[in-house]
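Close look at the chain arrangement
Residue strings, one per chain:
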2 protein chains.
Amino acid sequence: MNKVLSALTVLMAIAAVLAGFGYADEGMWTFDNPPRDQIRKTYGIELTDAWLDHLRKSSVRLGGIGSASFVSENGLILTNHHVAANCVQGLSSETEDFMKDGFGADKNVAPRRCPGMEAHVLMATEDVTARVLAAIPDGASDADSFAARKAETAKIEQECDDAGTDLCEVAAFYAGGEYWLHRYKRYDDVRLVLAPESQVASFGGDPDNFNYPRYCLDFALLRAYGADGKPVRPVDWLTVKPGAYKEGDPMFVAGHPTSSSRFTTYAQLEFERDHLYPFWKRMMERERGALTTYAATGEEAERRALLQIQYLDNFIKVADGYLRGLNDRTLMARKKAEEDRFRQDIAADPSLAARVGGAFEGVARAQKIHEEFFDRYRLILLRGSRLFRIAGHIVRVAAEKEKPNEERLEEFRDSALEGFLHSLYSPSPIYADMEEVLLRDRLQLLAEELGDDDPATKAALGGRAAEDVARETAAGSTLYDPDARKALVEGGVAAVAASADPMIRLARALDPMYRELRARYEEEIEEVEQKAGERIASARFKLYGRDTYPDTTFTLRLSFGRVAGYVEDGYRIPYQTTLFGLFDRGYSFEEQPPYDLPPRWKAKRNKMDLGAAINSGQYGGYVSRKFRKPGRQRPGRTYRNALRRQPSVPRNSVRV
Amino acid sequence: MNKVLSALTVLMAIAAVLAGFGYADEGMWTFDNPPRDQIRKTYGIELTDAWLDHLRKSSVRLGGIGSASFVSENGLILTNHHVAANCVQGLSSETEDFMKDGFGADKNVAPRRCPGMEAHVLMATEDVTARVLAAIPDGASDADSFAARKAETAKIEQECDDAGTDLCEVAAFYAGGEYWLHRYKRYDDVRLVLAPESQVASFGGDPDNFNYPRYCLDFALLRAYGADGKPVRPVDWLTVKPGAYKEGDPMFVAGHPTSSSRFTTYAQLEFERDHLYPFWKRMMERERGALTTYAATGEEAERRALLQIQYLDNFIKVADGYLRGLNDRTLMARKKAEEDRFRQDIAADPSLAARVGGAFEGVARAQKIHEEFFDRYRLILLRGSRLFRIAGHIVRVAAEKEKPNEERLEEFRDSALEGFLHSLYSPSPIYADMEEVLLRDRLQLLAEELGDDDPATKAALGGRAAEDVARETAAGSTLYDPDARKALVEGGVAAVAASADPMIRLARALDPMYRELRARYEEEIEEVEQKAGERIASARFKLYGRDTYPDTTFTLRLSFGRVAGYVEDGYRIPYQTTLFGLFDRGYSFEEQPPYDLPPRWKAKRNKMDLGAAINSGQYGGYVSRKFRKPGRQRPGRTYRNALRRQPSVPRNSVRV
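Note that the structure is predicted; figures quoted are calculated from it, not measured. Numbers given to residues run from 1 along each chain, matching the order in which its sequence is written. A letter from A marks each chain and a number from 1 marks each ligand, given out in the order of writing. Selection of residues for local features in this predicted model requires a pLDDT of at least 70, selection of side-chain atom pairs for listing and counting requires 80 or more, and totals for whole chains, interfaces and linings are taken over all residues. The side-chain values count all of the structure's non-hydrogen atoms but skip hydrogen atoms and water molecules.

All right, on to the environment of Val567 of chain A then. Summarising the element assignment, Val567 of chain A is placed in strand β16 (residues 566-568). Residues Val567 of chain A and Met28 of chain A, spaced 539 residues apart in sequence, show a C-alpha to C-alpha distance of 25 Å. Only DSSP runs of H or I covering at least 4 residues are called helices, and only runs of E covering at least 2 are called strands; the numbering of each starts at the N terminus.

Next comes the structure, spelled out in structure tokens:
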């Protein structure tokens, strides 16, 4: 058991992460309900409460970003480099590029505080389903039930907050079939201790992303600090044991997968296929184009844009994969047939049929409504520009703070506010020239897609050229300085209304439309899907049993499998890769990017243990082995598998 | 041009072979007729006669084994380790295991003569089709035409021999549509200079065989010596230029691919599918089983059996691949449809129809006849036992030498005799205990398959148990000593008849049946296929043009392509691999055989240039890129491709 639990990360001055590579048998289980019988039968392992508690309290959620683990009694946190990348980039500048050169704290170099980063540890969960559902009056309209549900979850979170818990969140499970309160311990001083060069952390770049065998060293070390400025003593932590895993060993993975949607109806899949993913893909490709052009203007521009381009590469690949799956007619036909049978089974049970009512039809209607304003709702966010997002937050938080807690937009509740502001005041640098590029692109897009006469276009541009507005707004804003943001938030509605900051002005101009569309979305789409989801989920449980786990919602989950290689098309793929392979792949491709190697690595390679196991702990390789016959992962498969087996997608999981 | 020609092999004390990895565009062209236009158009390269001569005269055929190149003015020959393995194994003993430990000549260690090995260089070719065909009387019976054809080719070879050429061979091209005389220079003193450990030469063993990316260092260096005991000065040689190849470069490959059969009729494919390959597979699997059991009895037994087990692994994989292709109904249906159309096109042309006559029907009938004695003919060879094969050769060469040259079995013609005897008298060690194992297995099989009352079984066993006969025969034979073989050959028919050697006795007992079945095979199968082949081939040329190349027959061919990596299932495969990858794969599999690394390599790895490119110059990876969209090679594909694209299969090609 200890072997299973022992972590698997090699840490050295020039370091290597071994992340055991396994097939998870099935599932992303919540810690209150792991399939103990199945695990006992398959592995002969008894999951004790003490073990689960230990693992849970050692698991870390990093702000809104990803997963990690405490790995020492003095607050050391192990995570992926791509999870820590926002911090590494945020600490970098024209003169100190930690993405390029890596970072290592030692006697002479102190750890550096990650701008805006928090670490959360899940201390307890509580089923609050009955309480949430009881708060919704029978026969309430969608708008009323939305308000009632919102008010009740806000109340639950507030009570929890008042009782002294750092962070309280109510998460909906089973598409609204259950509600669980999550109580977190929160650390808001997280510092960077060690990060390798991004060249090795994301070695192989976009081509190798989601693929295996992979040879990237995708890890970083952080440390959490207390209010006293000293390293925290975490409640629990995992011990790193290099080489502890061998082929065939059972492996358990704890992490915070973002979101999955196994209870999606066919109508929702069609919406995703025809609107959602095509739209996002188009947006992201356009943004990548703008940033690539910008990055080509110079070394510093390249440095500034690098991380965001990497993210876009990643998400475009994901969208491509989703679309491939959604456009697979065989899979979609099967999905349709499954739903048809499910609905027939419901119809065959009168009381069930009465309870489910027109849930499927309601969801289908909601998709049609969503089509009407989906693009517009997303376009006015001007997504891509960080400063515009900040300005929008400032405009809204000022207004929301004045409302009763239960009536606020969710993210501005008192229980969430501390973390929200911590992130809003992050000193992570934002660059005016890059902001201008992104803002120009989004403003042009707004005009192109909605037309010059649209109220949103008029509000944003006021009849002027997008490039002029973007230039002046990006250049004239004071929000690059976190203190300026703070002054506005603390000045409240009056300060925001009086502000001459061009970015605030732009946010103010678009805010009414944003609020209107968000309200439509929440009442006419989200609430409809939520209420229908509750009924569909309970019908599913009644008909087919509840021997399953809820969709993922960036809450802590447990997965498991065996560490194993596999044979693909007659070729043996090992369960692990080594640093030798990193160099092999680099030199095999003659170091053409993204297969170039950092000079330091080449110079010191004979001083490293090149036989040390490394492994891409990335979601691609992980998912593939998780839900299907083993095979090299292509992004397309992820969604195809999702359709086929209803898995959820674990992102940024950290192995334990 | 020089870049193209420059060879690609890195040679160091601990050495690495770079064999550029390419897609050959198409074909295994003879040197008299390369597709100059296509090459000019595709690569902008003009193939000059001088260049072709240079390449041809630098190319080496190693006895009946494989391909190689002269790579120095003083007779150094570069080849694959698996081609030189017979030599390496033949020089090894219980106390000196060069397969395991490698071999390197230096100031203190002299090169060692490879037992029985010869090197041939093709000096000239000549079209003798008219002469051969003219020798066959119109309307001759199959037996008569066989005799006439044989006599004429024997005469041509003899005349060539008499004119002072070292080695003269007439090869049939286009299934008998053309005959070409090949004149070779012959070197019969070939010595081992350098061979790495077989652990790295065939790293990855059977699982990685035919696959890419591969990380084996499959090379060896030999040197040819003259009658004066001094290194020969070859007519021409290639210059080794490490790293000369980069991705995208054009590449030319000269080599001696064994045999292909693109002009095979559908009836022949059916025979291969239903009889030939299933039989060979069964035989080889059984032999491998017997040898594996033997090898498990001790280290020395393991050493003795290793190479033969490797060969069997290889051939079983090939047979599996062939069978997979032949059992692919889609492919076979296409093959059938192609032949049907071809036959319709013939039928539409009365003069052509008359010339082709019943060629297809004749070939089909021959297959039925072949079925009658195929198993029997192969079973009485007791294949597997090297000493029995030697005994059979002795019995026959003694008898054949007394016949006129034109009437002899082909391999005993004067023009071939020198090489034949050189091989027969090879001092390569043969082990009595292993012989007993193999002989017992074959004798048991003979009895099982033909029954105890069959004349062959009776002749071989004389009513005794197979294990007794095998034990006594293997233990009692004197033929382990090459001098004993020589004495019998020189003693002629009388000496053979008088010999009490049990192996000679066994060979004598089975020889009449062998001769009878061989004659049936040559007259009723081979000659029928040959004559039909001529007619079918000429019809094909007339209908579809002759813009093609003949099937391979272990004669020198030229192939070409570009050095290139490829993308497989979304994963980038580089055009080359490096020594880093060898270590990566070893440690990734925790050195579980066949991924174990020689101790010397591990100890000295920091002294090696691990970034040096290596590459499996093996047929699997090569063919796959040659005839189909790039992809990881499985043996099954080879034959499927053969069916699909009518390629020939280059074996043991050496890159130039």
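What follows covers the relation of the copies chain A and chain B. Overlaying chain A on chain B yields an RMSD of 0.0 Å, the required transformation being a rotation through 180 degrees with an accompanying axial translation of 0.0 Å. Such values leave the two copies arranged in the relation of a two-fold axis. By residue overlap, the copies meet face to face through one surface: 100% of the interface positions of chain A are interface positions in chain B. Copies overlap after least-squares fitting; the atoms used are the C-alpha atoms of residues with pLDDT of at least 70 in both. Note on contacts: a residue pair qualifies if any of its non-hydrogen atoms lie within 4.5 Å across the two residues.

A separate point is the state of the cysteines. Residues and elements named next belong to chain A. Any two cysteine sulfur atoms lying within 2.5 Å of each other are counted as a disulfide. As enumerated under the stated definition, the model contains four disulfides over all chains in all. With a sulfur-sulfur separation of 1.9 Å, Cys160 is cross-linked through a disulfide to Cys168. Taking the torsion about the S-S bond as the criterion, the Cys160 to Cys168 disulfide, at about -70 degrees, is left-handed. Classification of residues uses two cut-offs on accessible area relative to the type maximum, computed with a 1.4 Å probe and protein chains only: under 20% is buried, over 50% is exposed, and between them is partly exposed. By relative accessible area, which is 3% here, Cys160 ends up buried. Classification of Cys168 by relative accessible area gives buried; the value is 2%. Cysteine pairing for chain A (bonded cysteines numbered in sequence order): 1-2, 3-4.

With 35 residues of chain A at the interface, the matching set in chain B holds 36 residues. Here's the idea: put two parts together, see how much 1.4 Å probe accessible area each one loses, and the total over both is what we call buried area. Contact between chain A and chain B buries roughly 3200 Å² in total, counting both sides, with carbon and sulfur atoms accounting for 48%. Its largest share of buried area at the contact with chain B, chain A owes to Tyr571, Arg572 and Phe580 of chain A, together 23% of the area lost on that side. What qualifies as a polar contact is a pair of N or O atoms within 3.5 Å, subject to a donor-acceptor requirement within protein and to the restriction that residues adjacent in sequence count only when both atoms come from side chains. Where chain A touches chain B, the interface holds 14 residue pairs in polar contact (both at pLDDT 80 or more). For the side of chain A that touches chain B, the secondary structure elements donating two or more residues are β17 (571-573), β18 (577-578) and α22 (579-588) of chain A. Among the residues forming the side of chain A that touches chain B, the class breakdown is 15 nonpolar, nine polar and 11 charged. For this scheme, ten residues count as nonpolar: Ala, Val, Leu, Ile, Met, Phe, Trp, Tyr, Cys and Pro. Four count as charged, namely Asp, Glu, Lys and Arg, and the remainder, Gly too, count as polar.

All names here are of chain B. Where helix α10 (residues 266-295) contacts helix α17 (residues 432-450), the two axes come as close as 10 Å, and the packing angle between them is 140 degrees. In terms of orientation, α10 lies oblique with respect to α17. Crossing of α10 against α17: the hand is right-handed. Residues Arg282, Met283, Arg286, Glu287, Ala290, Leu291 and Tyr294 of α10 lie in contact with α17, whose contacting residues are Asp433, Met434, Val437, Leu438, Asp441, Arg442, Gln444, Leu445, Glu448 and Glu449. Of the residues that constitute the contact of α10 with α17, the class distribution is eight nonpolar, one polar and eight charged. Helix axes use the C-alpha atoms of the stretch in contact, all axes being lines fitted to C-alpha atoms, and the angles between their N-to-C directions lie in the range 0 to 180 degrees. Any angle between 65 and 115 degrees counts as roughly perpendicular, while under 35 counts as roughly parallel, over 145 as roughly antiparallel, and the rest as oblique. In this scheme the handedness of a crossing depends on how the near helix is turned from the far one: anticlockwise by less than a right angle means left-handed, clockwise means right-handed.

Residue and element names in this part refer to chain A. The split into domains, and so the bounds of each, comes from an automatic or database assignment of domains. Here the domain parsing of chain A yields domain 1 (2-118 + 188-260 + 550-634) and domain 2 (268-348). Salt bridge, as applied in this entry: a Lys or Arg side-chain nitrogen positioned within 4 Å of an Asp or Glu carboxyl oxygen. On the surface where domain 1 and domain 2 come into contact, there are zero salt bridges. Elements represented by at least two residues in the side of domain 1 that touches domain 2 include exactly α4 (81-90) and α9 (205-208). Looking at which element gives the most residues to the side of domain 1 that touches domain 2, the answer is α4, with four residues. Considering only residue class, the side of domain 1 that touches domain 2 consists of five nonpolar, nine polar and four charged.

Here we come to the pairing of strand β11 (residues 178-187) of chain B. The side chains of a regular strand alternate between the sheet's two faces. Residues and elements named next belong to chain B. Among the 10 residues in β11, eight count as buried, and that is most of the element. Two strands form a pair only when DSSP identifies at least two bridges running between them. The pairing of strand β9 (residues 119-127) with β11 spans eight bridges and is antiparallel. Bridge pairing in β11 places Thr125 opposite His182. Pairing between strand β10 (residues 167-173) and β11: seven bridges, direction antiparallel. Its bridge partner being in β11, Glu169 is matched across the sheet by His182. Linking β10 to β11, which pair antiparallel, is a turn of four residues; within it Tyr174 sits at a positive phi near 50 degrees.

Moving on to the pattern of salt bridges. Following the criterion strictly, the structure yields 107 salt bridges over all chains and no others. Note that Lys335 of chain A and Glu338 of chain A form a salt bridge whose closest N and O atoms lie 3.9 Å from each other. Remark: Glu338 of chain A and Lys335 of chain A occur in helix α12 (residues 329-347); sequence separation between them is three residues, near one turn of the helix. Salt-bridge contacts for Arg149 of chain B lead to Glu534 of chain B; the nearest nitrogen and oxygen are separated by 2.5 Å. A residue pair is termed long-range when its members are at least 10 positions apart, and Arg149 of chain B in helix α7 (residues 142-162) and Glu534 of chain B in helix α21 (residues 502-544) qualify at 385 residues. Comparing Arg149 of chain B with Glu534 of chain B, the two get one shared label, buried.

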